[in-house]
Amino acid sequence: MKFWLMKSEPDTYSWDDLENAPAKTGSWEGVRNYQARNFMRDEFKLGDQVFFYHSSCAEPAIIGMAEVVRESYPDHTAMDPKSQYYDEKSAQKGLNPWVMVDVKAKKRFAKPLTLSEVRKSSELKDLLLLQKGQRLSIQPVQNEHAKIIMNLV
DNA sequence: GCCAACGTTGGC
DNA sequence: GCCAACGTTGGC
């Protein structure tokens, strides 16, 4: 079982949106970055644990834990001209390179672990999230880092 | 809104 | 294949 961190802008898709969805489960559509896609396609397994992170908001923070409940399958929004995630070039080629997974909200943390709090932990200084220029929306989290995070929330 | 950092695109 | 221009991410 692996740990991951997935970023979402709460204005677009928040922890509450996931928790209020049927079966507390949502499909992680709209990833249009190859590195992030490769993680989902090649490495995401049922039962993997996902730290849900709110980005681009007043207080960026890790909000809760979700779990992978369906492994990768085609992200149909890439082929849908009406979707905000439409990928015109791929659609014209008739090949959809994009995938998504389903995640289920498991546990909202008693208190969100804010980015500034993460920065304060010397044990988390190597966390990918903190590295300079790191913009990946899906990141692996080392087991040791995951333990430390879970001890902080 | 600003801007640093990064990924992608496209001309050559 | 190089690299400048452009677009996006995301913290502040």
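Refer to the structure presented above.
Everything quoted here is computed from the prediction, not taken from an experiment. (Residues numbered from 1 in each chain as written. Chains lettered and ligands numbered in written order. Predicted model: local features only at pLDDT ≥ 70, side-chain atom pairs only at ≥ 80, totals over all residues. Heavy atoms only, no water.)

Undergrad: Would you take a moment to explain the overall build of chain A for this structure?
TA: Secondary structure assignment for chain A yields 5 helices and 6 strands. Secondary structure of chain A in N-to-C order comes out as β-α-β-α-β-β-α-β-α-β-α. In terms of overall dimensions, chain A is globule-like: its C-alpha atoms have a radius of gyration of 15 Å, near the 15 Å expected for 153 residues. Summarising its shape, the C-alpha atoms of chain A cover approximately 50 × 35 × 30 Å along the three principal directions. (Helix = DSSP H or I, 4+ residues; strand = E, 2+ residues; numbered from the N terminus. Rg over C-alpha atoms; globule rule 2.2 N^0.38 Å.)

Undergrad: Can you walk me through the protein's contact with DNA strand C in this structure?
TA: The environment of DNA strand C is made up of K7, Y53, S55, S56, P60, L115, R119 and R135. For DNA strand C, the fraction of atoms within 4 Å of the protein that belong to sugar or phosphate moieties is 77%. Measuring from a phosphate oxygen of DNA strand C, one finds a side-chain N or O atom of R119 at 3.3 Å. Between a phosphate oxygen of DNA strand C and a main-chain N or O atom of R135, the distance comes to 2.6 Å. (Near = heavy atom within 4 Å. Polar contact = N/O pair within 3.5 Å; in protein donor to acceptor, adjacent residues only side chain to side chain.)

Undergrad: Help me out: how do you make sense of helix α2 (residues 34-43) in this one?
TA: An α-helix turns once per 3.6 residues; consequently, residues spaced three or four apart project the same way. Residues of α2 that are buried include every one of A36, R37, F39 and M40, and no others. The arc enclosing the buried residues of α2, seen along the axis, measures out at 155°, which places them on a common side. Its buried side turned inward, α2 meets β1 (3-8), β4 (61-74), β5 (99-114) and β6 (138-141). N-cap assignment for α2: the residue whose side-chain oxygen lies 3.0 Å from the backbone N of Q35 is N33. (Buried < 20%, exposed > 50% of the residue type's maximum accessible area, 1.4 Å probe, protein only. Arc of directions from axis to C-beta. Contact = heavy atoms within 4.5 Å.)

Undergrad: Quick question: what am I supposed to make of the sheet that holds strand β3 (residues 49-54) here?
TA: Sheets are built from strands that pair by backbone hydrogen bonding, the pairs being arranged parallel or antiparallel. Across the sheet, which stays open at both edges, the 6 strands sit in the order β2-β5-β4-β3-β1-β6 with mixed pairing between neighbours. Where the open sheet ends on each side, the last strands, each with one partner, are β2 (25-27) and β6. Taken over all neighbouring pairs, the strand axes of this sheet differ in orientation by 35° on average, direction set aside. Note: β1 against β3, 6 bridges, orientation parallel. Note on β3: the bridge partner recorded for S8 is H54. (Pairing = 2+ DSSP bridges. Axes fitted to C-alpha atoms, helices over the stretch in contact; angles between N-to-C directions.)

Undergrad: Where do I start with the pattern of salt bridges in this structure?
TA: Where side chains of opposite charge bring their charged atoms close, a pairing between them can arise. Applying the stated criterion across every chain yields a total of 8 salt bridges. The residue R41 makes a salt bridge to D42 at a minimum N-O spacing of 2.8 Å. When salt bridges with common partners are traced through the structure, they connect D16, E19 and R108 into a single cluster. (Salt bridge = Lys/Arg side-chain N within 4 Å of Asp/Glu carboxyl O.)

Undergrad: Just checking my understanding: could you explain the pairing of β1 for this structure?
TA: For a regular strand, side chains alternate in direction, first toward one face of the sheet and then toward the other. Of all 6 residues in β1, 6 are buried, a share of seventy percent or more. Neither face of β1 is exposed, since F3, L5 and K7 on one face and W4, M6 and S8 on the opposite face are all buried.

Undergrad: Explanation requested: the environment of A23 in the structure shown.
TA: Mapped onto the elements, A23 comes out in the loop between α1 (15-20) and β2. Sequence separation of A23 and K104 is 81 residues, and the distance between their C-alpha atoms is 7.4 Å.

Undergrad: Any chance you could explain unusual backbone geometry here in plain terms?
TA: Phi is mostly negative for residues that are not glycine, and the peptide bonds are mostly trans. Its identity is not glycine, yet A23 carries a phi of approximately 60°, on the positive side. The residue S56 is not glycine, and still its phi comes out positive at about 50°. Along the chain, the position of S56 falls in the loop between β3 and β4.

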